[in-house]
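Each chain, letter by letter, is given below.
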Amino acid sequence: MKYISTRGQSPALSFSQILLGGLAPDGGLYLPESYPQFTDADLTAMRGLSYADLAFAILSRFVDDIPAADLKAIIDKTYRADVYGFTRKGQNAADITPTLKLEDNLYLLSLSNGPTLAFKDMAMQLLGNLFEYVLTKEGKTTNILGATSGDTGSAAEYAMRGKKGIRVFMLSPHKKMSRFQTAQMFSLQDENIYNIAVNGVFDDCQDMVKAVSNDAAFKAQYKIGAVNSINWGRIVAQVVYYFKGYFAVTENNAQKVNFSVPSGNFGNVCAGHIARMMGLPIDKLIVATNENDVLDEFFKTGVYSPRGSAKTYHTSSPSMDISKASNFERFVFDLVGRDSDKTRALWSKVDSGNSFDLNADGYYAKIADYGFVSGSSNHENRLQTIRETQAKYDVVIDTHTADGLKVALEYFDQKTPMLVLETALAAKFEDSIVEALGHAPERPAALNGIEALPQKFTVMDADSAAIKQFIVEKTS
Ligand SMILES: *Cc1c(COP(=O)(O)O)cnc(C)c1O
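These remarks concern the structure in this document.

What counts, and at which threshold
Residues numbered from 1 in each chain as written. Predicted model: local features only at pLDDT ≥ 70, side-chain atom pairs only at ≥ 80, totals over all residues. Heavy atoms only, no water. Near = heavy atom within 4 Å. Polar contact = N/O pair within 3.5 Å; in protein donor to acceptor, adjacent residues only side chain to side chain. Areas by Shrake-Rupley, 256 points an atom, 1.4 Å probe, with all protein chains shown as cover. Nonpolar A, V, L, I, M, F, W, Y, C, P; charged D, E, K, R; others polar. Pairing = 2+ DSSP bridges. Helix = DSSP H or I, 4+ residues; strand = E, 2+ residues; numbered from the N terminus. Axes fitted to C-alpha atoms, helices over the stretch in contact; angles between N-to-C directions. Buried < 20%, exposed > 50% of the residue type's maximum accessible area, 1.4 Å probe, protein only. Contact = heavy atoms within 4.5 Å.

Close to the ligand lie 15 residues, the nearest being Lys120, Asp151, Gly264, Asn265 and Thr423. Aspartate 151 places a side-chain nitrogen or oxygen 2.6 Å from an oxygen atom of the ligand. One of the backbone nitrogen or oxygen atoms of asparagine 268 is found 2.9 Å away from an oxygen atom of the ligand. Computed on the free molecule, the ligand has an accessible area of 390 Å², of which 97% lies beneath the protein chains in the complex. A per-class count over the shell around the ligand returns 5 nonpolar, 8 polar and 2 charged.

Encoded structure:
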């Protein structure tokens, strides 16, 4: 299996070759040259597999340059009940992504039972083990540099802590994350984890990362790596739980299901698209956005009009506060018939700050063939959904999941099983839950008092020279 760039001007590479990188050299995103296909008989054979065995059945179709036994061992080490153990009452941790039935044909698919209580653990934990394996084998090291406003940074740190050959330098805006998120990250005492609190906002952190990455000589000398949302390893790992969720709520492969996905960078729902392309019987893929509704606008009109960071709203589902969806190019590449010239032309508009319209070429009319529909949610909808879910089902959901459920209900027909992806636990976004319900959400007992643990972090001005100097010191 080779991987090609959506923009068609980079050489095809193997899985291990693209694993540690980000964008393709031509600025595109990597995708497999074709999607592996599962037949009806394959699906029947996969029903009932454990999460780890299912992950191997799927990932082994995408990875052909890691020996099967090694890949199996990496997967078995990743998807363990004790790693994804923050289950709700009645859920079995061994399912890794258990479902929770709200009413007939309406389910949550719990993706946030991992160490940082957000779905990013699903892929990031695998990435940590894959990185360590590939680096060790090649005798290499990497220094991961990232910027976070919360979920990504903590998931990356918990996945990479203590890993051989890997250091993590994670920038976050000083005093701007929730107390819980700050404590999750800053209480890590591992030697290979460096938390850097930047005097500024999230965009300042991201600018520092960009400035370092744009310095090709520094990047090469200090082996700067990334684990951002365009990483193919993260996308492919997320394909697995669509299969797991499908098998959990159906009895045979003639049944179709709908998934509702709280979306920001389009990484999660892109994995659903790939599962569908591989033959998983998905009817609808519902893209749920918050007030930052560029994707909803696209699916409703065929016009993609990214807004730029100055026009990004700060909302109470902050992990979806994105106005340019970095993985969206992967879907559009498929939509335009994998025409890389067309994709390159569309993104030359996006990269120069403009929009594009897919109505004229007839591509927008094809969206229905891919099952995509969409909707958006706002602060009031979110609080209302949290309240109603508590009242009706005695279940407390987080703000992102609330966006997903709100939009799911707009498409729920009572007959087709609907799975709402639960992308974080409420404990992570305590203030909004207090606002909605008047009391704090339950927190997994193991995380009680996390705010009181000693914290390890360095405060720094928003200056790319300062972070470079810091990396030089820590790596010499
Ligand atoms: C990252 C995140 C999202 C958005 O996922 P994308 O893959 O960027 O679309 C939604 N909810 C939560 C809680 C997240 O952390």
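Further remarks concern the sheet that holds strand 10 (residues 282-289). The strand order 3-4-14-9-10-13 describes an open sheet built from 6 strands, whose pairing is mixed. Of all the strands in the sheet, the pair left with one neighbour each is strand 3 (99-103) and strand 13 (372-376). When strand polarity is set aside, the average angle formed by the axes of neighbouring strands in this sheet is 25°. Where strand 4 (residues 106-110) meets strand 14 (residues 418-422), 5 bridges bridge the pair, whose relative direction is parallel. Considered in strand 14, the bridge of leucine 109 is made with leucine 421.

Let us now look at the environment of tyrosine 3. Of note, tyrosine 3 is situated in strand 1 (residues 3-5). In this structure tyrosine 3 comes out as buried when scored by relative accessible area, which is 0%. C-alpha separation for the pair tyrosine 3 and alanine 360, spaced 357 residues apart in sequence, amounts to 30 Å. In contact with tyrosine 3, other than residues within four places in its own chain, are Pro11, Ala12, Leu13, Ser14, Phe15, Ile18, Tyr30, Leu31, Pro32, Phe62 and Trp232. A polar atom in the side chain of tyrosine 3 sits 3.4 Å from the side chain of tryptophan 232.

Note on placement: arginine 443 falls in the loop between helix 17 (430-437) and strand 15 (458-461). For arginine 443, a relative accessible area of 15% corresponds to the buried category. Reaching out from arginine 443, the side chain makes a polar contact with the side chain of glutamate 451 at a distance of 2.8 Å. Beyond its immediate chain neighbours, meaning those up to four positions away, arginine 443 contacts Phe180, Ala427, Glu430, Asn448, Gly449, Ile450 and Glu451.

Turning our attention to the sheet that holds strand 6 (residues 166-173). As summarised here, the arrangement of the 5 strands in space is 8-5-6-7-15, forming an open sheet in which the pairing is parallel. The open sheet is flanked by strand 8 (224-225) and strand 15, the only strands paired with a single partner. The pairing of strand 5 (residues 142-147) with strand 8 spans 2 bridges and is classified as parallel. Bridging from a neighbouring strand, asparagine 143 pairs with isoleucine 224 of strand 8.

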